[in-house]
Amino acid sequence: MPTLQLDLGQRSYPIYIETGILSDAGFLFEEIQSSHLIIVTNTVLKALYLDTLKVRLTQLGKRVDEIVLPDGESEKTLANLEHILTKLLAMPASRSACIVALGGGVVGDIAGFAAACYQRGIDFVQIPTTLLSQVDSSVGGKTAVNHSLGKNMIGAFYQPKAVYIDTNCLSSLPSREFSAGMAEVIKYGIIYDPAFFTWLEDNQREIQDKHGPVLNTMIARCCEIKAEIVALDEREQNIRALLNLGHTFGHAIEAELGYGTWLHGEAVAAGMVLAAKLSMTRGDINSNELKRIVDLISVFDLPTEGPQNMSSQAYIEHMQRDKKVLENTMRFILPIGIGKARVVSDVSKDELHSLLN
Ligand code: GLY
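Residues numbered from 1 in each chain as written. Predicted model: local features only at pLDDT ≥ 70, side-chain atom pairs only at ≥ 80, totals over all residues. Heavy atoms only, no water.

Colleague: Could you give me a rundown of the overall build of the chain, with the residues and numbers involved?
Modeller: Along the backbone of the chain there are 14 helices and 11 strands. Seen through its principal axes, the chain has C-alpha atoms that stretch 60 × 40 × 35 Å. Looking at the chain as a whole, 55% of its 357 residues qualify as buried. In the chain, the share of contacts with a sequence separation of at least 24, taken over all contacts with a separation of at least 6, comes to 74%. By element, 49% of the accessible surface of the chain is carried by carbon and sulfur atoms, the whole surface being about 14900 Å². Taking the average place of the 32 positive charges on the side chains of the chain and the average place of its 42 negative ones, the gap between the two points comes to 5 Å. (Helix = DSSP H or I, 4+ residues; strand = E, 2+ residues; numbered from the N terminus. Buried < 20%, exposed > 50% of the residue type's maximum accessible area, 1.4 Å probe, protein only. Contact = heavy atoms within 4.5 Å. Areas by Shrake-Rupley, 256 points an atom, 1.4 Å probe, with all protein chains shown as cover. Lys, Arg positive; Asp, Glu negative; His and termini not counted. Charge placed at Lys NZ, Arg CZ, Asp CG, Glu CD.)

Colleague: Describe the pairing of strand β2 (residues 13-18), listing the residues and the values that go with them.
Modeller: Of all the six residues making up β2, five are buried; the element is thus mostly covered by neighbouring parts of the structure. The pairing of strand β1 (residues 4-6) with β2 spans three bridges and is classified as antiparallel. Its bridge partner lying in β2, glutamine 5 is registered against proline 14. Across four bridges, β2 lies against strand β9 (residues 162-166) in parallel orientation. Paired with glutamate 18 across the strands is aspartate 166, a residue of β9. (Pairing = 2+ DSSP bridges.)

Colleague: Help me get a handle on helix α6 (residues 175-191), residues and values and all.
Modeller: An ideal rise of 1.5 Å per residue puts 24 Å on 17 residues; α6 measures up with 25 Å between its terminal C-alpha atoms. Along α6, 14 of the 17 residues are buried, which leaves the element largely enclosed by surrounding structure. (Expected span 1.5 Å × (residues − 1).)

Colleague: How would you sum up the site of the ligand? Please name residues and give values.
Modeller: Lining the immediate surroundings of the ligand are Asp136, Lys142, Lys226, Glu236, Arg240, Leu243 and Asn244. For the ligand, an oxygen atom lies 3.0 Å from a polar atom in the side chain of lysine 142. One nitrogen or oxygen atom from the side chain of lysine 226 is found 2.5 Å from an oxygen atom belonging to the ligand. Contact with the protein chains hides 90% of the accessible area of the ligand, taken as 200 Å² for the molecule alone. Tallied by class, residues from the shell around the ligand come to one nonpolar, one polar and five charged. (Near = heavy atom within 4 Å. Polar contact = N/O pair within 3.5 Å; in protein donor to acceptor, adjacent residues only side chain to side chain. Nonpolar A, V, L, I, M, F, W, Y, C, P; charged D, E, K, R; others polar.)

Colleague: Hey, could you go over unusual backbone geometry for me, with residue numbers and the actual values?
Modeller: In the segment running from methionine 91 into proline 92, the intervening peptide bond is cis, with an omega of -10 degrees. With a phi angle near 55 degrees, glutamate 236 is a residue other than glycine that sits in the positive phi range. Inspection of the secondary structure puts glutamate 236 in the loop between α9 (212-232) and α10 (247-257).

Colleague: Can you explain the packing of aromatic side chains? Please cite residues and give values.
Modeller: In the structure shown here, the tally under the stated rule is five aromatic pairs. Centre to centre, the rings of phenylalanine 196 and tryptophan 199 are 5.8 Å apart; their planes meet at 15 degrees, and the pair counts as stacked. Remark: tryptophan 199 and phenylalanine 196 occur in helix α7 (residues 194-202); sequence separation between them is three residues, near one turn of the helix. Overall, the relative accessible area of 23% leaves tryptophan 199 in the partly exposed class. Members of the aromatic cluster, connected to one another through ring pairs, are Phe249, Tyr315 and Phe332. (Phe/Tyr/Trp six-rings, centres within 6.5 Å; stacked < 30°, edge-to-face > 60°.)

Colleague: Mind laying out the sheet that holds strand β6 (residues 123-128), listing which residues take part and the relevant values?
Modeller: The strands making up a sheet associate through backbone hydrogen bonding, with each pair oriented either parallel or antiparallel. A sheet is described by the order of its strands in space; here seven strands give the open sequence β1-β2-β9-β6-β5-β3-β4, paired in mixed fashion. Edge positions in the sheet fall to β1 and β4 (63-69), since each has one partner strand and no second. In this sheet, adjacent strand axes meet at a mean angle of 20 degrees when their direction is disregarded. Packing of helix α4 (residues 105-117) onto the sheet brings it into contact with β3 (36-42), β4, β5 (98-103) and β6, and relative to β5 it is tilted by some 170 degrees. Here α9 sits on the sheet in contact with β1, β2 and β9, set at roughly 25 degrees to β1. (Axes fitted to C-alpha atoms, helices over the stretch in contact; angles between N-to-C directions.)

Here's what the structure looks like:
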């Protein structure tokens, strides 16, 4: 039985969250009819999981091919998308083939976008291996590559056929990346679920110790919240925008430092604190709530401030560039207490200068 279901009518799909799925779950790929699977992964994950997965899928009677990319955010490019598409054409992969994205957010985003483009769309499955991709990017169908003029600017909403989350993968995840994923976990508590925020405070030790059942509960709650939000607003017309808490400031930090210098989750953590401080100046959050947010973020060794020498002008320039590409207003997600948030587009430059200086 899947742990959860994302309800999108005919495009609904199951999300499985279990320990050891890759090595021994009987249900793996039950819903995938295709007899030709193409695993897209990176060099690091190839060494860790590719052989196990290939053996299991071959035992299921599937033809299995692989496409291996170099590791890193800098690889989420149009050039690598073309590389994947060329490989698919050369195989050749037919319209009934299915792509398997085995990896973190970069692999999931580029493999999903390749699936959306190849022969106008073939099936794909997500097997996310990082905490960040397990709680956020593998669910909800956002696929993309980066462009030199903007992150995630070329992409599509394209839903997978299933998501398989094996929490065993987290044992090999570097601790910095685990922490970065915790930023997105904390985000769900701030924007949507005060009881979950309290649960995170109460279980911080077990989470740090990567206690299996606690991680499963935590990841399941994040996916449940994400599934609820995406089912209401798949194409981010309203409530889905709340999932971008901390991202306006965070993207500015990533762009200023160069993508990959701070991990996405680290920039989002600092961005969430800045958003909470902005809320406090507007009377939407009190000092105790701000302290709880800062304390929980600090527990996971995440930054609670932007880079030391980043000026308010630099933030504003990056955010305005984003604004020009995305829409005409600079948009912020601001928490209202803990457990609710709203989209705000009337933040003045003066407010930003006084916050960021
Ligand atoms: N990562 C935010 C979203 O999927 O909407």
